[in-house]
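# A look at the structure
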Amino acid sequence: MPPAIRRIATVTCAALLLQTAPAHAEDREIETLRSLIETPESAAGLVSESFAKAVPTAQLTAILQSLHDKAGAVTAITEDDEGYLIRAEAGDIPAEIELDASGKITGLFFHPFQPSGGGIEDTLADIAALPGTVSYLVIAEGETLHEKNAETPLAVGSTFKLGVLKVLMDDIEASKRRWSDVETLRPEDLSLPSGKLQTFPPGSPFTLHTLAALMISESDNTATDMLMRILGPERVATALGLDDVLTTRALFTLKADPALAERYRTADGAERAELLAEISDAPLPAARDASGHAIEGVEWYLSTETLCRLSGDVKAADIFAINKGPVRSWQYVAYKGGSEPGVLNLTAALTGEDGRGYCISVTVNSDDEIDEATVAGAFAALASQLKASR
């Protein structure tokens, strides 16, 4: 369940180089961004050797051409605290860029394209018209502003990890645990990506803060399962309002074996517990065997109402500063997304300049492939329109 935003219209070097900005660096960066969008075929001559090795020219050109086709002619590029905003005829493209001393690109990141025109109602209508089953909720200070199927539980992928964070923060608030507590990785914790902890050897020590940060910012599945073991899956299920809850490893194991998945899907509570105990020692499946379309009944089913409540409960955690998702320009953003084929959720608890709290949550479940870039762009536009309307 990789976080959707990491896969949407994104080009990034493995590491952005830290350097002293030369004179007129902003002008050079703006000129480069303009060239990339207006003439995608020029990209090969604008990137550094290290970037070209990390991102194939054909992939970069295709992404730029897609952005050019959606956005149209560039009308202005302005700088803000989070990078640049490319304004074009059909909408905006938030972007971040890093250049080396010779002016070549060493790092590049495009946030989802945000179509211009219309207001919140228009954007919500576009979301509601998406193929499949859609749920959305927009609230301000606990008051519902807009909703569709907000009480309907749908598959939400990794956004269920807000419930894991909720249980951890409850324990810390009750002085049962500390962020600095160190726990050791066990073989049974290892899961499939997203994330990187699955590459670490069993016995590796991690603080609870590190595990939570990786779970939220990178949607690290091994970090998640490790925390679920430490905290107890029953408590996580209670926080989510569910009778039982899958670990990410269990989900992958079930998806890789259709017969097991069918047993789980049709089982009652006791039978499910027995089945999960049965597969707890099963070998981790190959990623290729567990990467298919979401299986109905084998997921984490939560309503956007529940997700907004959870995001409000955990938004004070400093780990949300690491990845703000597609949202920009709010005073504070607590974002978590989740996806697998046929499933997409984006949820953000937002704080305005006036200190007022808001939440936006959008879920899409579909039998067909979901256009994640379109959904993320609409979500980002909705956040911007909400901010402007306040």
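In this text, all values refer to a predicted model and were calculated from it rather than measured experimentally. (Residues numbered from 1 in each chain as written. Predicted model: local features only at pLDDT ≥ 70, side-chain atom pairs only at ≥ 80, totals over all residues. Heavy atoms only, no water.)

What follows is about the overall build of the protein chain. Scanning the protein chain for helices and strands turns up 13 helices and 14 strands. Along the three orthogonal principal directions, the C-alpha set of the protein chain runs to about 65 × 45 × 45 Å. Relative to its full complement of 390 residues, the protein chain shows a buried share of 51%. Counting contacts in the protein chain only where the partners sit at least 6 residues apart, residues at least 24 apart contribute 66% of the total. The average position of the 32 basic charges and that of the 58 acidic charges among the side chains of the protein chain differ by 4 Å. (Helix = DSSP H or I, 4+ residues; strand = E, 2+ residues; numbered from the N terminus. Buried < 20%, exposed > 50% of the residue type's maximum accessible area, 1.4 Å probe, protein only. Contact = heavy atoms within 4.5 Å. Lys, Arg positive; Asp, Glu negative; His and termini not counted. Charge placed at Lys NZ, Arg CZ, Asp CG, Glu CD.)

For the pair helix H10 (residues 258–266) and helix H11 (residues 269–279), interaxial distance at closest approach is 9 Å and the crossing angle is 150 degrees. Classified by the interaxial angle, the pair formed by H10 and H11 is roughly antiparallel. Classified by chirality, the crossing of H11 by H10 is left-handed. Residues Leu260, Arg263, Tyr264 and Arg265 of H10 touch H11, and the partners they reach there are Arg272, Leu275, Leu276, Glu278 and Ile279. (Axes fitted to C-alpha atoms, helices over the stretch in contact; angles between N-to-C directions. Parallel < 35°, antiparallel > 145°, perpendicular 65-115°, else oblique. Left-handed = near helix turned anticlockwise from the far one by under 90°.)

Moving on: the environment of valine 314. Examined against the element boundaries, valine 314 turns out to sit in helix H12 (residues 304–314). Valine 314 gets classed as buried once you look at its relative accessible area, which sits at 0%. As a C-alpha pair, valine 314 and alanine 334 span 20 residues in sequence and 8.3 Å in three-dimensional space. Among residues more than four places away in sequence, those in contact with valine 314 are Leu162, Leu165, Lys166, Met169 and Phe320.

For the rest of this paragraph, the subject is helix H8 (residues 233–240). All of the buried residues along H8 are Val236, Ala237, Ala239 and Leu240. In an axial view of H8, the angular spread of the buried residues amounts to 160 degrees, which keeps them on one side of the axis. Looking at H8, the residues exposed on the side facing more than 90 degrees away from the buried face are Glu234 and Thr238. Where H8 is buried, its residues contact helix H5 (161–173), helix H7 (221–231), strand S11 (301–302) and H12. (Arc of directions from axis to C-beta.)

Turning next to the nonpolar core. Ranked by internal contacts, the top residues of the largest apolar core, which has 51 residues, are Leu165, Leu211 and Leu254. If we skip the residues at most four places from it in the chain, leucine 165 touches Trp179, Ala212, Met215, Ile216, Val314, Ala317, Ile319 and Phe320. Core analysis: the next-biggest nonpolar cluster, separate from the first, contains 28 residues, Ile120, Val134, Val138 and Ile370 among them. (Core = buried A, V, L, I, M, F, W, Y, C linked by side-chain atoms within 4.5 Å.)

With that settled, consider the pattern of salt bridges. This structure, assessed with the given rule, holds 17 salt bridges. Here aspartate 189 and arginine 229 are joined by a salt bridge, their closest N and O atoms 2.8 Å apart. On the criterion of sequence distance, the pair formed by aspartate 189 in the loop between strand S9 (182–184) and strand S10 (205–207) and arginine 229 in helix H7 is long-range, its members being 40 residues apart. Of the residues examined, aspartate 189 reaches a relative accessible area of 1% and is grouped as buried. (Salt bridge = Lys/Arg side-chain N within 4 Å of Asp/Glu carboxyl O.)

Moving on: a negative patch on the surface. A surface patch of negative charge is lined by Glu26, Asp27, Glu31, Glu79 and Asp81. Of all the elements, helix H1 (residues 25–38) adds the most residues to the negative patch, at three residues. The residue glutamate 26 is located in helix H1 in this model. (Patch = residues over 30% accessible without salt bridge, like charges linked within 9 Å, V, L, I, M, F, W, Y side chains within 5 Å. Areas by Shrake-Rupley, 256 points an atom, 1.4 Å probe, with all protein chains shown as cover.)

This next bit is on the packing of H5 against H8. The geometry of H5 relative to H8 is characterised by a closest axis approach of 8 Å and an angle of 110 degrees between their N-to-C directions. Taken together, the axes of H5 and H8 lie roughly perpendicular to each other. Listed contacts from H8 to Gly163, Val164, Lys166, Val167 and Asp171 of H5 are Arg235, Val236, Ala239 and Leu240. Of the residues belonging to the contact of H5 with H8, the class tally is five nonpolar, one polar and three charged. (Nonpolar A, V, L, I, M, F, W, Y, C, P; charged D, E, K, R; others polar.)

What follows is about the pairing of strand S13 (residues 343–351). With nine of its nine residues buried, S13 lies for the most part within the structure. On S13, burial covers both faces: Val343, Asn345, Thr347, Ala349 and Thr351 on one face and Leu344, Leu346, Ala348 and Leu350 on the other are all buried. With nine bridges connecting them, strand S12 (residues 332–340) and S13 associate as antiparallel partners. By the bridge assignment, alanine 334 is partnered in S13 with alanine 349. Hairpin geometry of S12 and S13 is characterised by an intervening segment of two residues between the two adjacent antiparallel strands and by a positive phi of about 90 degrees at glycine 342. Bridge count between S13 and strand S14 (residues 357–365): nine bridges; the pairing is antiparallel. The residue of S14 that forms the bridge with leucine 350 is tyrosine 358. In textbook terms, the turn of a hairpin is the stretch between consecutive antiparallel strands, and for S13 and S14 this stretch comprises five residues, one of which, glycine 355, has a positive phi near 85 degrees. (Pairing = 2+ DSSP bridges.)

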